[in-house]
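An overview of the molecular structure
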Amino acid sequence: MSDIRGPAASLASRVTEMRTDVLVLGGGMAAYRAAIAARNEGVEVVLAYRGRGASPYVIGFNAPLGHCDDRDSPDVYFDDMVRGGYGLNDRRLVRRLAHGAADAYRELQALGVPFAMQAERERALQRHLSGNSYARSVYVPDGTGRAVIDTLIRHARTLGVVERGGEKVIGLLHGEAGVQGALLWKPHTEQLTLVRARTVVVAMGGLGQLYADSTYPVDVAGDACAMAYEAGATLIDMEFMQFEPVVTIWPSQCRGMEMPTAMLGDGAQLRNAAGERFMLRYNPPHAERQIEKARMALYIQQEIDEGRGLPEGGVWFDATSLDADTRESYVSHCSRLRAAGVDPANQAVIVAPAAHSAMGGILVDDCGWTGVTALYAAGEACGGVHGASRIAGNGCSDTLVFGAVAGRHAARAARALECASEAPIDISLRALSRWWGEEQGDPVPLKHRIQQAVAAHAGIWRCATGLNQGLTTLEQLDVELQSMRARTLAGAVALLETERMTRCAVMVLAAALQRTESRGAHQRTDFPQSDTRWLTHLSFDRDGQFSPREIPIH
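Computed from a prediction, not measured in an experiment: that's the story for all the values here.

Take the sheet that holds strand β12 (residues 315-318) next. Taking strand neighbours across the sheet as the criterion, the 4 strands line up as β10-β13-β12-β11 in an open arrangement whose pairing is antiparallel. Each edge of the open sheet is held by one strand with a lone partner, namely β10 (241-250) and β11 (269-271). The mean angle between the axes of side-by-side strands here comes to 45°, regardless of whether they run parallel or antiparallel. Here β10 pairs with strand β13 (residues 349-358) via 7 bridges, running antiparallel. Of the residues in β13, the one forming a bridge with methionine 241 is alanine 358. Contacts from helix α9 (residues 293-305) reach β10, β11, β12 and β13, with the element oriented near 50° to β10.

This paragraph deals with the confidence of the model for the protein. Of all residues in the protein, 96% have pLDDT values of 70 or greater, and the mean over the chain is 92. Low pLDDT, under 50, characterises residues 1-5; the stretch is placed with 19 contacts to residues that sit more than four places away or in other chains.

Where helix α2 (residues 29-40) contacts helix α12 (residues 394-416), the axes come no closer than 7 Å and their chain directions differ by 35°. Taken as a pair, α2 and α12 cross one another with a handedness that is right-handed. Counted together, Met29, Ala30, Arg33, Ala34, Ala37 and Ala38 of α2 and Cys396, Thr399, Leu400, Gly403, Ala404, Gly407, Arg408 and Ala411 of α12 form the full contact between these two elements. Tallied by class, residues from the contact of α2 with α12 come to 9 nonpolar, 3 polar and 2 charged.

On to the sheet that holds strand β16 (residues 537-540). With antiparallel pairing, 4 strands are arranged side by side in an open sheet as β14-β9-β16-β17. A strand with exactly one partner marks an edge of an open sheet, and here the two such strands are β14 (361-362) and β17 (549-551). Pairing of strand β9 (residues 235-236) with β14 involves 2 bridges; the strand directions are antiparallel. Residue pairing across strands places isoleucine 236 opposite glycine 361, the latter belonging to β14. Across the face of the sheet, helix α16 (residues 489-514) comes into contact with β9, β16 and β17 while running at roughly 145° to β16.

Rules used in this analysis
Residues numbered from 1 in each chain as written. Predicted model: local features only at pLDDT ≥ 70, side-chain atom pairs only at ≥ 80, totals over all residues. Heavy atoms only, no water. Pairing = 2+ DSSP bridges. Helix = DSSP H or I, 4+ residues; strand = E, 2+ residues; numbered from the N terminus. Axes fitted to C-alpha atoms, helices over the stretch in contact; angles between N-to-C directions. Contact = heavy atoms within 4.5 Å. pLDDT = per-residue confidence, 0-100. Left-handed = near helix turned anticlockwise from the far one by under 90°. Nonpolar A, V, L, I, M, F, W, Y, C, P; charged D, E, K, R; others polar.

Put into structure tokens, the structure is as follows:
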């Protein structure tokens, strides 16, 4: 790759342009649902993505169909979400999700997704996941995520959605007229593409790669939140990072694989090193059932911290008591474990909590609008719907429902939007061009140190001393970063990514420090009780920089 030097204006000649009505950023379920919904409104749609995010690994999703228990309903589902979110949820979003999930299921079924069905073939099989009053998770035995995303991809192509795969989003084109597109880069090339659009939907996932040893894929590191923030959007609830309670640490070949909490609902058990079914102490008489993930993760971590865990650093996840049909319905998990030499029919695996999903993100209304002209968002890039903790099975429901909502409203806005004066191309290059210069330093070790600082000081337990130490560390790392420069496009992109990681990390720690209580996925050892005074969102916007502000719950 040849050297690239000079200000943003000198890079403009390297950029090719294209136009569309709606630009969707992301390659997972939320993005494809948005693209399909927008295309169904009759507008032109371009979808750009680097990877598929976590979508292929989804195990199932909640839909209050009442097929396994006719007492279930959208209203019961609504109550479960608010209770599981410790009252911090945006009720507008919860209502939209509660009443939209069943429709999403029916739409996917009509497209041919082979959900597990009861014998009469008109009613879905549904699993009982933690935090849900009834069994309401629908699933595909051979892999829900892969079946759903493959179906959505095929349908999007049938509709004529234009895909730009394997491209990194560098930033949003934004100015006084709002957001007017995005700049893309094809890795390992010097190719830059500016996609001008009447509206943009951001659906690029959450914050997981801020943490060392998270369950997140590498293409989800906070870019969506950082770019929206740069464009003028507000971020909320950044302090709430949920730890998946049962992530495999042994067998080592399966390290990082999430064991399904649905298995616990089916009767699998958690046991400590002494063989005790310890969840009976914490959640009698239900033990592993009828408990949301944040609490379960805390109790597992407490067993480990107090010396009742295994030498590997976890607890046993024992599915040997399940009947064969139930156990074997988790096809991919059983297959992976057996390939690693462990048969779940007669051997437990070792699990421990790991950073898994962010409740915080971009503030949106129930149409997916961010408050910035022409900018919409969907999926885990957004905050508000899950409150302080996400009940199991709701991550996928969120992406499916709000992907379609954001896409539909972005398309309608695109049709109604008057033509604004076009932002000059160099606006989209400014964030990147500031990193040009003589080659200095490698940001990769810096990224690892950011992850370690966040994991150490804003992990499953927090306290003022650790949070202040973490913020000091991040400030020092930022000083190191600001002295670095790159002579190649790839190097400049890496530096920009690192800066955005640092910004998001600072917001996580700053909000966690300001929230002097424990609630859901935010647990302070120095403030162990919940406080009704904190039934409010903490928000960040460009005007307030990195000082969180309180805004009311809708």
